[in-house]
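Each chain is listed here by its residues.
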Amino acid sequence: MKFVYDEKIDKKCKEDIKACKFIFNEEKKTGVFLVNKKTIKKFESIWTPKIEEVFSKKIFEIFEANLSKDFVCFLNSTPYSMDIKQGISISASTKTPIRAICHEANHYMFRKSIYKEKYFPKIDIEEAKEIFTVINNIYFQDIMENQDIGWKKFWKDRFNFLSIWLKNMA
């Protein structure tokens, strides 16, 4: 995976966050975080070939599809990581970059999958994709720094969905 900073994407991330007062019922965080060559190098050093190998294998297991070979992880200066039209944008401030990448890549792939219709036909896609990330704790447990607990608003739904996913995998 390639890590890059793109000023236009960073600006769009800032605009998206500025438009909100709350994010999933939580008051939004504020702050601007430096993204420079040192920041990019930090991400590149954490995202080792072994991490990439496990990540790619597990993405395929979940979605029966691969990320494109030229998939890019954009870094942004906001307090939030997010999935975007072009892929994923990870906050330079994250203390858990691997977990953030797994979480946002899950969102990106979820949007392209049939899982919204299959598992969440009556739920808004923004909420469905947050619930779905509970499976990261199964597939990416060997590489994530810690558990993907998601947003508090979705804890009960994530727990309930996990049992459905596990039944379907059995």
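Values in this document were obtained by computation on a predicted structure and should not be read as measured data. (Residues numbered from 1 in each chain as written. Predicted model: local features only at pLDDT ≥ 70, side-chain atom pairs only at ≥ 80, totals over all residues. Heavy atoms only, no water.)

Caption draft 1: The sheet that holds strand β6 (residues 87-91), seen in detail. A sheet is described by the order of its strands in space; here four strands give the open sequence β1-β4-β6-β5, paired in mixed fashion. The outermost strands of the open sheet, each flanked by one partner alone, are β1 (2-5) and β5 (82-84). Between one strand axis and the next, the sheet turns through 35° on average, direction left out of account. Bridging between β1 and strand β4 (residues 72-76) involves four bridges; their strand directions are parallel. When the bridges of β4 are listed, Phe3 appears paired with Cys73. Where helix α4 (residues 97-112) meets the sheet, its contacts fall on β1, β4, β5 and β6, and the angle it forms with β6 comes to roughly 155°. (Pairing = 2+ DSSP bridges. Helix = DSSP H or I, 4+ residues; strand = E, 2+ residues; numbered from the N terminus. Axes fitted to C-alpha atoms, helices over the stretch in contact; angles between N-to-C directions. Contact = heavy atoms within 4.5 Å.)

Caption draft 2: Quick peek at the side chain of Ser77. By the element assignment, Ser77 lies in the loop between β4 and β5. Within the structure, Ser77 has its side chain in polar contact with the side chain of Asp10 (distance 2.8 Å). Discounting residues that sit within four places of it in the chain, Ser77 has contacts with Asp10, Lys14, Gly31, Val32, Phe33 and Val35. (Polar contact = N/O pair within 3.5 Å; in protein donor to acceptor, adjacent residues only side chain to side chain.)

Caption draft 3: The arrangement of the nonpolar core in detail. Counting residues in each nonpolar core, the largest one holds 53 residues, and the members touching the most others are Phe55, Ile62, Phe132, Phe140, Phe161 and Trp165. The element best represented in this core is α4, accounting for eight residues. Filtering out sequence-adjacent residues up to four positions away, Phe132 remains in contact with Ile62, Phe63, Asn106, Phe110, Tyr115, Phe120, Phe161 and Trp165. (Core = buried A, V, L, I, M, F, W, Y, C linked by side-chain atoms within 4.5 Å. Buried < 20%, exposed > 50% of the residue type's maximum accessible area, 1.4 Å probe, protein only.)

Caption draft 4: Focus on the pattern of salt bridges. Applying the stated criterion across every chain yields a total of eleven salt bridges. Between Lys12 and Asp16 there is a salt bridge, and its shortest N-O distance comes to 2.7 Å. Taken together, the positions of Lys12 and Asp16, both in helix α1 (residues 7-18) and four residues apart, correspond to about one turn of that helix. Here Lys129 makes a salt bridge to Glu126, at a shortest N to O gap of 3.4 Å. (Salt bridge = Lys/Arg side-chain N within 4 Å of Asp/Glu carboxyl O.)

Caption draft 5: Focus on the packing of helix α3 (residues 49-63) against α4. Running from N to C, α3 and α4 cross one another at 30°; their axes reach a closest spacing of 11 Å. On the basis of the axis angle, α3 is roughly parallel to α4. Between α3 and α4 the crossing geometry is right-handed. Contact residues: α3 offers Ile51, Phe55, Ile59 and Phe63, while α4 offers Ile98, Ile101, Cys102, Ala105, Asn106, Met109 and Phe110. Of the residues in the contact of α3 with α4, the class split is ten nonpolar, one polar and no charged. (Parallel < 35°, antiparallel > 145°, perpendicular 65-115°, else oblique. Left-handed = near helix turned anticlockwise from the far one by under 90°. Nonpolar A, V, L, I, M, F, W, Y, C, P; charged D, E, K, R; others polar.)

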